[in-house]
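# Summary of the model geometry
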Amino acid sequence: MADLTRDDVAHLAGLARIDLSDAELDRMVGELGVILEAVATVQQAPITDVEPMSHPMPIVNVTRPDVVRDCLTPQEALAGAPESEQQRFSVPRILDEE
Amino acid sequence: MTTDLTRATAAELADLLGAGSVSSREVTRALLDRTAAVDGAVHSYLHVDEAGALAAADAADRARAAGEPLHALAGVPVAVKDVMATRGLPTTCGSRILQGWVPPYDATLVRRLREAHLPLLGKTNMDEFAMGSSTEHSAYGPSRNPWDLERIPGGSGGGSSSAVASFQAPLAIGTDTGGSIRQPAAVTGTVGAKPTYGGVSRYGLVALASSLDQAGPCSRTVLDSALLHEVIGGHDPLDSTSVDAPVPPVVEAARRADVAGLRIGIVRELTGEGFQPGVQARFDEAVQHLVDAGAEVVEVSCPSFTYALAAYYLILPSEASSNLARFDAMRYGLRVTPEGVAAPSAEQVMAATRDAGFGDEVKRRIILGTYALSSGYYDAYYGSAQKVRRLIADDFDRAFEAADVLVSPTAPTTAFRLGDKLEDPMAMYLNDIATIPANLAGIPGLSVPSGLADEDGLPAGFQVLAPAMADDRLYAVGAALEARLTAAWGGPLLDRAPDLSEVTR
């Protein structure tokens, strides 16, 4: 098993979109190391040729009749928005400036 | 009338309401007054809805006066864990990132509670996004155990367990992803049931791990949990994993409490070593009570359970890291702008918000899940965990050939002190060792009080597990044990808990 380095954790935090502080990174490297060592024991279980199980029951697709039904009003849908404008969610810029 | 309405069970209140000898407003008022008196010390609630609860109580009283057909629990108040969306009431999941969020819709189970005329008292405290076994990971401070205010009430549903144990509510809703209904019930001397996966709708339950989450009842008696289970259970077209079958006959099973000829399987891997002696002693006595009631005992082995905790702490973080990606600071919840960045991008705002809005445990699990799902490590971690999950389900299948129900202590220890395990995540995770296998396999489980451990005088729990959609067996066994133990104790276990009026000021 590969040990997690501080750089690894910083990279993962970036993927997870969490802007960890230096102090948080320092602490989390150690904690994650201990947890990873414990959870890695799954690899010692007799799992060769075992079918993975993603869900406790057979999953079937569920559909409904294509008819109009009650839904949220625009005001309700936007009620929790940090910012809204013209009946839309208002968000920070999504493209780089260059 | 001399009945203390706060100490009456939900079934007793239902009888009083049905007979017209008490109104829902009187019951609701009494419980709200109890909360005003003790919740400063216990901290079960994040939000109390006094006006809404009283209005719903009046509506229940009017419906009854008008002779409408009502569920037995109509007019009996209930507390709801803050992970369920409640229209018009704050829903925070114990997290800063949702502080002040008021959902524009009701979870299906909340809608069912409202339609059945159960007044909603308020929203109960929890570990942030249900990640924890003590409520110490709530962003709003921990709840406390009514048996000893310096100890944990279990988690993540410690708000619901402590509300029920401190007589602030006869009924509460919990959610159980790895034990968050059952372990809090065990350490507070109360009852809690995790229904079969899909037995209660997850629509409006803020997802932690979608393949494991299941909402269920918390109460002080087995019959009360069965009654609440009946109200919230059943098929929901809004949840694609909802089981399209009738709710098992849980109330009838709780009333009959018949275990004659039932085969009770003791899971070898979930007893003995690692379990506190007093917890084990109460478990052994409970098994003997069931034998005296006519049950047969067999021993079963589930060797893969040894790997259950490890598999769970890969599957849960993986699903959580994906589910919690929705907290992106764009459509609802907190938005934090990073300091010192001119015209920050949406991505930078998202990262700053999630750092400010999530607590340590949530960050740990999101990052662990991100790792377990990342390319190059997926097969070794998430993939292996999914294979272990299959082995565990197979172990259950084999065990249920030899036994009708399986039993174990619910949690390895009684309630520990606040702060004791906060700095050691793995020690905290070990609390769920006996409850996790049921979530991985999707089967139902129930915890019922087994007594007080000799070494510390604190409550221990007895867990019953049954095959999928055989939830009624849990209630039969739980009620049979409860009847015998209550008789042996000379009254309910909670009669021995401290009277909190002394500690409140």
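Residues numbered from 1 in each chain as written. Chains lettered and ligands numbered in written order. Predicted model: local features only at pLDDT ≥ 70, side-chain atom pairs only at ≥ 80, totals over all residues.

- As recorded in an unreviewed UniProt entry, chain B goes by Glutamyl-tRNA(Gln) amidotransferase subunit A and comes from Phycicoccus endophyticus.
- Word for word, the UniProt comment on chain B under Sequence similarities (unreviewed entry) is "Belongs to the amidase family. GatA subfamily."
- According to UniProt, the comment filed for chain B under the heading Function (unreviewed entry) is "Allows the formation of correctly charged Gln-tRNA(Gln) through the transamidation of misacylated Glu-tRNA(Gln) in organisms which lack glutaminyl-tRNA synthetase. The reaction takes place in the presence of glutamine and ATP through an activated gamma-phospho-Glu-tRNA(Gln)." (UniProt positions renumbered as here; feature names shortened; annotations may be inferred.)

- The name given to chain A in an unreviewed UniProt entry is Aspartyl/glutamyl-tRNA(Asn/Gln) amidotransferase subunit C, and the organism recorded there is Phycicoccus endophyticus.
- Per UniProt, chain A carries the Sequence similarities (unreviewed entry) text "Belongs to the GatC family."
- UniProt, in its Subunit (unreviewed entry) section for chain A, records the words "Heterotrimer of A, B and C subunits."

## Quick look at the overall build of chain A
- Counting its regular elements, chain A contains 3 helices and 2 strands.
- Ordered by position from N to C terminus, the α and β elements of chain A give α-α-α-β-β.
- Whereas a compact globule of 98 residues would reach a radius of gyration of roughly 13 Å, chain A reaches 23 Å, over 25% beyond that.
- Counting only C-alpha atoms, chain A reaches 55 × 45 × 25 Å along its principal axes.
- Across the 98 residues in chain A, those meeting the buried criterion constitute 19%. (Helix = DSSP H or I, 4+ residues; strand = E, 2+ residues; numbered from the N terminus. Rg over C-alpha atoms; globule rule 2.2 N^0.38 Å. Buried ≥ 20, exposed ≤ 12 C-beta atoms within 10 Å, placed from the backbone.)

## What to know about the pairing of strand E2 (residues 78-81) of chain B
Residues and elements named next belong to chain B.
- By the alternation rule, side chains of E2 split into Val78 and Val80 and Ala79 and Lys81, which are all buried.
- Two elements, E2 and strand E4 (residues 171-175), share 2 bridges in a ladder whose sense is parallel. Its bridge partner lying in E4, Val80 is registered against Ile173. (Pairing = 2+ DSSP bridges.)

## Digging into the UniProt feature "domain: Amidase" (unreviewed entry) in chain B
- Mapped onto the present numbering, the UniProt feature "domain: Amidase" (unreviewed entry) falls at residues 26-474 of chain B.
- For residues 26-474 of chain B, the end-to-end C-alpha separation is 33 Å, with 38% helix and 13% strand making up the annotated structure.

## Details of the sheet that holds strand E1 (residues 45-48) of chain B
Residue and element names in this part refer to chain B.
- Strand order across the open sheet formed by 11 strands is E1-E3-E2-E4-E6-E5-E10-E11-E9-E7-E8, with mixed pairing between neighbours. Because the sheet does not close on itself, it has two edges, and the strands there are E1 and strand E8 (296-300). The average undirected angle you get between the axes of adjacent strands in this sheet is 25°.
- With 4 bridges connecting them, E2 and strand E3 (residues 120-124) associate as parallel partners. The partner of Ala79 across the bridge, within E3, is Gly122. (Axes fitted to C-alpha atoms, helices over the stretch in contact; angles between N-to-C directions.)

## Comments concerning the environment of Pro344 of chain B
- Locating Pro344 of chain B in the fold gives a position in the loop between helix H10 (308-323) and helix H11 (346-357).
- Non-local contacts of Pro344 of chain B, meaning those with residues more than four positions away in its chain, are made with Pro92 of chain A together with Thr337, Pro338 and Val349 of chain B. (Contact = placed C-beta atoms within 7 Å.)

## Here's the deal with the interface of chain A and chain B
- Taken together, the contact pairs 43 residues of chain A with 57 residues of chain B.
- Secondary structure elements with two or more residues in the side of chain A that touches chain B: helix H1 (6-15), helix H2 (22-39) and helix H3 (74-78) of chain A.
- For the side of chain A that touches chain B, the leading source of residues is H2 of chain A, giving 7 residues.
- Classifying every residue of the side of chain A that touches chain B by side-chain character gives 31 nonpolar, 5 polar and 7 charged. (Nonpolar A, V, L, I, M, F, W, Y, C, P; charged D, E, K, R; others polar.)

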